[in-house]
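This is what each chain is made of:
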Amino acid sequence: LSTISQKSYQVQDRLAIVFFLQIIAVGLFYVFPLLAIYGLMMVDTSTWSDELHSVIRPTIIIAFSLKPLAQSLIYLGKNPGLRKAFL
């Protein structure tokens, strides 16, 4: 019975880590790009250089489009069976 409860605690800890990592990924790949887009709509960027625009715009779009990939990689990376298979 104690081995089952120990395994339960391990699974619970892994699940908590996955949720925490997903919260971070959502912040980086969803909330931050949306806030940046909305913020840049409110700010006059006509005085900014073209080089700055050419870096900011693709960075925001790429970060926003990578959200599903980051979420999936977190699940795959925390699976012990898959980690053994890839390593």
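None of these values were measured; they are calculated from a predicted model. Along every chain, residues carry numbers that run from 1 in the direction the sequence is written. Under the rules for a predicted model, residues below a pLDDT of 70 receive no local features and side-chain atom pairs below 80 are neither given nor counted, while totals for whole chains, interfaces and linings still include all residues. Excluded from the side-chain calculations are hydrogens and water; all other atoms, namely the structure's heavy atoms, are used.

Here we look at the overall build of the protein chain
Filter applied, for reference: Here a helix means four or more residues in a row that DSSP labels H or I, a strand means two or more in a row labelled E, and each is numbered from the N terminus. As a reference, a globule follows 2.2 Å times the number of residues to the power 0.38, and the radius of gyration itself is taken over C-alpha atoms. For each residue, the accessible area found with a 1.4 Å probe, counting protein chains only, is set against the maximum for its type, and the residue is called buried under 20%, exposed over 50%, and partly exposed in between. Any two residues whose heavy atoms approach within 4.5 Å are treated as being in contact.
Regarding its fold elements, the protein chain presents four helices and zero strands. For the protein chain, the α and β elements follow one another from N to C terminus as α-α-α-α. Here the protein chain has a C-alpha radius of gyration of 19 Å; the compact-globule value for 87 residues is 12 Å, and the former is much larger. Taking the principal axes of its C-alpha atoms as reference, the protein chain extends roughly 65 × 25 × 15 Å. When the 87 residues of the protein chain are sorted by exposure, 14% land in the buried category. For the protein chain, the proportion of contacts with a sequence separation of at least 24, taken over those separated by at least 6, is 76%.

Considering the environment of Ala25
Following the sequence through the fold, Ala25 ends up in helix H1 (residues 2-42). On the basis of relative accessibility, which here comes to 5%, the residue Ala25 falls in the buried class. In contact with Ala25, not counting residues within four places along its chain, are Tyr30, Ala70, Gln71 and Ile74.

Quick look at the UniProt feature "transmembrane region" (unreviewed entry) in the protein chain
As a reminder, the rule being used: UniProt positions are given in the numbering used here, feature names are shortened, and annotations may be inferred rather than shown by experiment.
Residues given the UniProt feature "transmembrane region" (unreviewed entry) here are residues 15-43 and 55-76. The distance from the first to the last C-alpha atom of residues 55-76 is 30 Å, and the span holds 95% helix and 0% strand.

So, the packing of aromatic side chains
What counts is decided by this rule: Two aromatic rings from Phe, Tyr or Trp, using only the six-membered ring of Trp, form a pair when their centres are within 6.5 Å; if the ring planes differ by under 30 degrees the pair is stacked, by over 60 it is edge-to-face, and anything between is tilted. Lysine NZ or arginine CZ positioned within 6 Å of the ring centre and within 35 degrees of the ring normal marks a charge as sitting over the ring.
In the structure shown here, the tally under the stated rule is one aromatic pair. The positively charged end of Lys67 is found above the aromatic ring belonging to Tyr30, 5.7 Å away from the centroid.

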